Every structure is written in structure tokens, then in C-alpha cells.
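# Structural characterization, general
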Amino acid sequence: SQTIHQWPATLVQPVGSPLSLECTVEGTSNPNLYWYRQAAGRGLQLLFYSVGIGQISSEVPQNLSASRPQDRQFILSSKKLLLSDSGFYLCAWTLGQGRAYEQYFGPGTRLTVT
Amino acid sequence: LAKTTQPISMDSYEGQEVNITCSHNNIATNDYITWYQQFPSQGPRFIIQGYKTKVTNEVASLFIPADRKSSTLSLPRVSLSDTAVYYCLVGYPGNTGKLIFGQGTTLQVKP
């Protein structure tokens, strides 16, 4: 069966510090991968998605970036965090080819920027 | 992606059937209707997806009228553990899987 991992689970970082969140998927190959952010009391915002290694699409211009160095690895980064980057970050995967709306989410990373 | 409108919140009691309606007047021919459930501090969970008429699985039923301008998620005999936010999404699955989540409907199940 497929599983998705995210780490760390929680993170407290000062403003201006760098960020690296990692997501890995097991049990499938060539998945579509997604990064979402959910601010407190808000809906989910799609940040990035990737349909293959090295292929990244950005949905929201901001100080975040994403990379996919391996087929089942997706990394979210920032060089300098802002207070507004605080939130719940979720990674998700899906199989494309018509089933792309059936997404499976990881446990998430709670990021607090102080 | 078609814009959706759903109630912000709903209350129910244990054992009742809950129906959450989603309006999507601008749904396109190729669009599917998908529902997700989200518990606090967890990622959303796929519940059900449909194109027309009725779809049923072990968790819920999805009713879609002929004009497809709305849909209703039906949860049979809810329990306290069904308290969650329910999202209605409309769009074509395609290959990219871009999902646009709205505010969803917060369902509160009371004892």
C-alpha cells in the first residue's frame, strides 16, 4: 500500500531563517505531488505541484520554492521566512491519468514563524 | 475550475442523516464533483467523486441532478466522529490534479 511521509511534524522558526520541509511517498511510482498551505481557520491554498522529476508548477508567487529531486520526493524551501509563512503545510500525492482529483494527504507540518 | 457555494456550517445530532448541498452553476461538461473531509490538524481525505446521477460508497452517497448545477453529499446516521469540514470541489481531473479548496462546510455533530 502507499504511504506518504512528511517531516518535521512541527517547526518553530524565526523570521528571516531558511526553511526546508520534506515529503516522500512510498508504494507508488511517478505520482503527481502537491504542496498546500492552510493558515489558521482558513481553507487550503495550493502552492506547488509537480507531475514529474524536475517539473514544478507554482500557483502562488511568494518567497517559497519547491523541488523534486527524485520521483517520490518533494521539498518545500524558503531562503528567508516571513511571519505570513506560518501555517499548516500539507503534502499530497495522486496518480494522474484521470484520477488526479483523488489525492492523498500526508500528516502535515505545523510551522510557526516568530 | 467551477466556483462552488456551500453552507459555511451545519449542526446535526448523532444518528441523523446529514445532507450537504453544493451549488456549481458554471459546471463544465467534463467536470467531475469531488468531496473531501478534513478533521482538525489533519490533511483532507477523499470521500467520493461523481459525474452524474448517484454514487454510493461505504462512507457516503453523492446525488447529482440531471442539470448537474448542484450536488448533495449524504452522510447516513452520523456520529460524533463525523464532525469535520467538508469540501466540495468541481473540475476536470485531467492529469495535473490541481485542486482549489473553498471554505468548506463545518459539520458539528452533537450527542
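The structure we're discussing is the one just above.
Analysis parameters
Residues numbered from 1 in each chain as written. Chains lettered and ligands numbered in written order. Predicted model: local features only at pLDDT ≥ 70, side-chain atom pairs only at ≥ 80, totals over all residues. Heavy atoms only, no water. Core = buried A, V, L, I, M, F, W, Y, C linked by side-chain atoms within 4.5 Å. Buried < 20%, exposed > 50% of the residue type's maximum accessible area, 1.4 Å probe, protein only. Helix = DSSP H or I, 4+ residues; strand = E, 2+ residues; numbered from the N terminus. Contact = heavy atoms within 4.5 Å. Disulfide = S-S within 2.5 Å. Pairing = 2+ DSSP bridges.

Ranked by size, the top nonpolar core spans 20 residues in total, and within it Ile33, Trp35, Ile47, Leu73, Leu75 and Tyr86 of chain B carry the most contacts. Contributions of two or more residues to this core are made by strand E2 (18-23), strand E3 (32-38), strand E4 (45-50), strand E6 (61-64), strand E7 (70-75), strand E8 (84-91) and strand E9 (105-110) of chain B. Broken down by element, the residue count for this core peaks at 4 residues, all from E8 of chain B. Residue contacts for Ile47 of chain B: discarding those within four places in its chain leaves Trp35, Tyr36, Gln37, Asn57, Val59, Ala60, Leu73 and Tyr86 of chain B. Counting residues in each nonpolar core, the second largest holds 19 residues, with Leu21, Val25, Leu81 and Cys91 of chain A among its members.

Residue and element names in this part refer to chain B. In total, this model carries 2 disulfides over all chains according to the counting rule given. Disulfide partner of Cys22: Cys88, at an S-S distance of 2.2 Å. Residues Cys22 and Cys88 are joined through a disulfide that is left-handed, its torsion about the S-S bond being -80°. Of this pair, Cys22 sits in strand E2 while Cys88 is found in strand E8, placing the two residues 66 residues apart along the sequence. You'll find Cys22 and Cys88 in the same group, each marked buried.

This brings us to the pairing of strand E1 (residues 3-7) of chain A. Residues and elements named next belong to chain A. The two faces of E1 differ: Ile4 and Gln6 on one face are buried, but Thr3, His5 and Trp7 on the other face are not. With 5 bridges connecting them, E1 and strand E3 (residues 19-26) associate as antiparallel partners. Within E3, the residue paired with Thr3 across the bridge is Glu26.

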